[in-house]
Amino acid sequence: MISATNETSLIDRKICPFMEKCYRKNPIHFAEMSHPHLERLVIDQLDETIEIPNNLDFECDRTQLLQQLKVMQVILRRERDRDVDSFLRLKINLFSTVTTKSSSTSENSKINNVMTNRRTNKHEMDMNIKLKKLSETANENNETKQPEILTSMVKEKFEVFVKGEKRNIESEEMAKKIKVNNNNTIDSIVKASSSRECISDTESTASSSTNNTSLMDMYLSSKDGKEREKMRNKAIKMMKREGFQIYDVTPGQFIHKYKRASPYNIFFTRIRKSPQTSNELLTVTFPEILDISLGEIKSSLQINFMVDVGWLCLQYLLAAQKADITIVYQDRMDNEKLGDNITLVRVSPPSRFGCHHTKMMILKYQDGGIRIIMSTANLYEDDWENRTQGLWISPYLPPIKGSIDTASGESKTGFKKDLIQYLNNYQNSALVNWIFTVRMADCSAINVFFIASVPGTHSLKNIDSWGHKKLGHILSNHITLPADASNWPIIAQSSSLGSLGPQYNSWLGKDIVLSMSKETDKTLKSPSTFYFIFPSIKNYRESYDCRQLSCCLCYNLLTHSKQEWIQSYLHQWKASKMNRTKAMPHIKTYARLSPDLKKMAWFMLTSANLSKAAWGKCGANYSIMSYEAGVLFLPEFVTGEKMFSLEGNNSKFPPFPIPYDLPLTPYDSDDRPFVTEFFRE
C-alpha cells in the first residue's frame with residue numbers, strides 16, 4: 001500500500017536497478033525506489049490526463065508506460081500536496097541531475113540525449129547549473145536559505161520546460177488528426193484498465209469521428225439495457241481484436257453459481273494465469289458481481305482504498321450495467337475525465353499511520369432492492385488478475401414496504417444497524433441517500449456479522465462497536481468451545497504486517513489474540529495457540545507477482561528487525577487445493593479451528609491486516625487509525641450447527657471454503673518473510 005511508504009522521503013529513494021527496463025506497476029515499488037525517467041515525464045502532468053511525447057529516449061511498451069505513469073502521478077501528487085518544499089527539491093534534482101551525469105555509462109548517455117533534445121540553448125544550460133548549485137545550497141542549509149529565489153528560479157525553469165513539452169504534445173495531436181483524416185479508421189473507443197485506445201469498427205467511425213464521442217461515452221449515456229448490451233458486444237469484439245485478454249462470461253448466468261455457493265456465499269477472484277480457477281464453482285470476476293441475473297443496477301456505492309475509475313467503468317460496460325457510481329476512496333490511480341455519472345468522495349484518515357482501507361460495494365437495483373458485497377480487493381486491474389482475493393456477496397435485500405421503522409428488516413446478527421453506524425461515521429452528505437437506502441432494505445436474510453473499524457479514540461460507551469473489541473464482544477456471546485479450548489488454534493492470514501512490538505505480548509497476545517479467544521465460558525484458560533500465514537521470500541519468488549515485478553505485500557525489513565520473534569509463528573502461503581499457491585494473497589482472513597483441523601468455530605473475511613492501526617490498540621484509551629470492514633461467520637447463524645465442517649462428510653452442508661491448505665506449512669529453515677527490500681537485493 002502506498003501509505004506504508006510515507007516514512008521515507010521521495011528524495012531519499014535509491015534508483016531502481018532495472019531503470020528503464022522496469023515494468024512494474026506497483027505503488028509500493030514506485031514509492032520505495034526512484035524512476036527518474038518516469039518522474040520527469042509526469043511531474044508536470046499531475047492534475048491532468050497524461051500525455052506521452054512521441055519521441056522518447058528509451059524503448060518501452062507505451063501501454064505499460066502509461067500504466068506506470070498513472071501510478072507515479074498519484075505518488076508525486078501526494079508528495080506535492082504533503083510537502084511543497086520537498087516536492088520542489090525533487091523537481092530540481094530530477095532535471096539538474098541530467099546535466100551533471102557522466103556520459104561514461106549507457107544510462108548517462110541516454111540522459112544527455114534528453115538534454116540535447118529538450119534544451120538546446122545556452123540560457124537553459126546555464127539555468128541547470130544555477131539550479132544544481134541552489135539545490136546543493138538548500139540541502140546544506142536544510143532548505144532555510146533564499147526560499148523566494150528558489151521558488152522563482154524553479155518557476156522560470158519549468159515554465160521553459162513546460163512550453164517545450166506543450167509544443168511536443170501539440171505536434172503529437174496534429175499527427176493523430178492527420179492519421180484520422182488519411183485512414184478514416186481511428187476512433188477513440190474504450191478507456192480500458194490500461195487506458196489503451198482500441199481500433200473501432202468501420203460502422204462506428206463516421207459518427208464517432210464527427211462528434212468525437214468514444215464508445216465508452218456512448219455506453220455511459222445509454223438509456224436502456226439493450227443499448228448497453230449493444231455497446232458491450234461491440235467493445236468486446238474490438239478489444240479482442242486489439243489483443244486485450246477478455247474473460248468473457250455469458251450475461252445472465254451468475255445467479256446459478258451464486259445459488260450453489262449457499263449458505264456461505266463466499267467467492268474468490270479468478271486467477272488469469274491459473275486457468276483451472278476459471279471453472280471453479282467459487283471463482284468470480286468483477287463483471288459477474290454486476291451480472292444482470294442478480295438484478296438491473298440503478299446505482300452503485302463503491303467504498304475502497306485505491307481506485308482506477310476508468311477500469312471500474314469498464315467492468316460495468318462488460319456487464320452491460322448502468323454505471324452511476326458514488327466512489328468513496330483514498331487514492332485514485334487514474335486521471336480520466338469524469339462524467340456526471342461518477343461522484344467522488346475522497347477520505348483522508350486523521351493519522352498518517354492509518355488509511356481508508358475498507359473494500360465494500362452496495363448495488364441498488366431498479367426495483368429498490370440492494371445487494372452488499374464485502375471484498376479484499378482494490379478497484380484496479382492488478383488486484384483482480386493474479387492475486388488471491390476474497391468476497392462475500394449478500395442475498396438480494398428487497399425494499400421494506402409500508403414501514404419507516406428503523407428496526408424493520410434487521411438480521412439476527414444486527415448487520416443493518418452496524419452498517420448504518422459505519423456509514424454515518426463518514427458524516428458526508430453524498431452518503432445520505434445511501435444510508436436511507438440501507439435503512440429501508442430488508443436485511444433479514446443476512447446470516448453474517450458486520451465488523452468494522454473507524455479512526456478515533458473510542459470511549460467505554462462504544463468500545464465494543466469497533467475493531468477487535470467488536471469481534472471479541474460477539475464471540476463472547478455466541479461461541480461455545482469444548483473444555484480443551486486452549487488447544488483450538490487461531491489462524492491469522494493477511495497481506496501486510498504492522499509494528500507489533502518487541503515481544504508477543506506487547507500487543508498481539510495481549511489485545512487481538514485475547515479478543516479472538518473469547519467464548520461464552522468466561523473461566524480463565526490457557527492462551528490460545530496462534531499461527532500466522534504470510535508469504536515467505538520463496539513463496540514470492542515462485543509467484544505470478546514476482547514474474548511481473550509487482551507486489552501486494554507490505555512489510556519492511558526495519559519493522560521485521562524489531563520483531564523477529566514473529567518468525568516462530570509464521571507459515572507459508574499454500575493454496576494448492578484452490579490452484580492459487582502462486583497467486584499472492586491480498587485476502588485477509590482470521591479463523592479458529594479444532595486441533596485436528598476438521599472443524600471450525602468461526603471465520604472472518606475482512607480488509608483488516610494484522611496491525612494496531614486496523615484492529616485497534618488498548619491502553620489508557622482504545623484507539624484505531626484506519627477504516628476497515630469485514631464479515632464474521634458463526635455456525636449458529638449460517639448453518640444452525642455448532643461448528644463448521646472443513647471436510648464435508650460430517651455435515652449436511654458443504655465444507656467451509658477456507659482459502660489456504662491444511663495442515664499449515666512452516667517456513668523452511670533458510671527462508672524468511674517477504675520484505676519490500678527484496679527489490680533492492
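Residues numbered from 1 in each chain as written. Predicted model: local features only at pLDDT ≥ 70, side-chain atom pairs only at ≥ 80, totals over all residues. Heavy atoms only, no water.

A. Fine view of the sheet that holds strand β3 (residues 266-269). Strand order across the open sheet formed by eight strands is β4-β3-β12-β11-β10-β5-β7-β9, with mixed pairing between neighbours. With partners counted over all chains shown, the strands left at the sheet margins are β4 (283-284) and β9 (342-346), one partner each. Against the sheet, helix α14 (residues 415-424) touches β5 (297-303), β10 (360-365), β11 (370-375) and β12 (390-393), its axis set at about 110° to β10. Each of β5, β7 (325-329), β10 and β11 touches helix α15 (residues 432-439); the most contacted strand, β10, lies at about 75° to it. (Pairing = 2+ DSSP bridges. Helix = DSSP H or I, 4+ residues; strand = E, 2+ residues; numbered from the N terminus. Contact = heavy atoms within 4.5 Å. Axes fitted to C-alpha atoms, helices over the stretch in contact; angles between N-to-C directions.)

B. Summary view of the confidence of the model for the chain. Confidence along the chain averages 81 in pLDDT terms, with 79% of residues attaining 70 or more. Below pLDDT 50 for its whole length, residues 1-7 participates in 24 contacts with residues either more than four positions away or in separate chains. When the criterion is pLDDT under 50, residues 99-127 qualifies, and its contacts beyond four places in sequence or with other chains add up to 40 contacts. (pLDDT = per-residue confidence, 0-100.)

C. Representation of helix α13 (residues 309-318) in the model. With 10 of 10 residues buried, α13 is to be regarded as a mostly interior element. Capping of α13 at its N-terminal end is provided by Asp-308; its side-chain oxygen lies 3.2 Å from the backbone amide nitrogen of Gly-310. (Buried < 20%, exposed > 50% of the residue type's maximum accessible area, 1.4 Å probe, protein only. Polar contact = N/O pair within 3.5 Å; in protein donor to acceptor, adjacent residues only side chain to side chain.)

D. Molecular detail of the nonpolar core. Judged by nonpolar contacts, the single largest core of 111 residues is most densely connected at Ile-372, Tyr-422, Leu-508 and Trp-602. No other element matches the six residues that strand β19 (residues 599-606) contributes to this core. For Leu-508, the contacting residues outside a window of four places in its chain are Leu-500, Val-513, Leu-514, Phe-530, Trp-565, Ile-566 and Leu-610. The next biggest cluster of nonpolar side chains, apart from the first, holds 44 residues, and it includes Ile-246, Val-284, Leu-312 and Tyr-329. (Core = buried A, V, L, I, M, F, W, Y, C linked by side-chain atoms within 4.5 Å.)

E. Local environment of the packing of aromatic side chains. Within the structure shown, the criterion is met by 29 aromatic pairs. Arranged with centres 6.0 Å apart and planes meeting at 75°, the rings of Tyr-264 and Phe-644 form a pair that is edge-to-face. In this pair, Tyr-264 is assigned in the loop between α11 (254-260) and β3 and Phe-644 in strand β23 (residues 644-645), connecting sequence segments 380 residues apart. An identical accessibility class is assigned to Tyr-264 and Phe-644; each is buried. (Phe/Tyr/Trp six-rings, centres within 6.5 Å; stacked < 30°, edge-to-face > 60°.)

F. Looking closely at the sheet that holds strand β21 (residues 622-624). The sheet built from three strands is open, its strands ordered β14-β21-β20 with antiparallel pairing. Edge positions in the sheet fall to β14 (456-458) and β20 (617-618), since each has one partner strand and no second. Sheet topology places β20 next to β21; two bridges connect them, and they run antiparallel. Counted as the bridge partner of Cys-618 is Tyr-622 from β21. Across the sheet, helix α16 (residues 467-478) touches β20 and β21, and the angle it forms with β21 is around 115°.

G. Representation of the packing of α16 against helix α17 (residues 508-516) in the model. One way to put it is that α16 packs onto α17 with a least axis distance of 7 Å and a crossing angle of 35°. Every pair of crossing elements has a handedness; the one defined by α16 and α17 is left-handed. Two secondary-structure elements touch here, α16 through His-468, Lys-469, Leu-471, Gly-472 and Leu-475 and α17 through Asp-511, Ile-512, Ser-515 and Met-516. Residue classes in the contact of α16 with α17 are distributed as four nonpolar, three polar and two charged. (Left-handed = near helix turned anticlockwise from the far one by under 90°. Nonpolar A, V, L, I, M, F, W, Y, C, P; charged D, E, K, R; others polar.)

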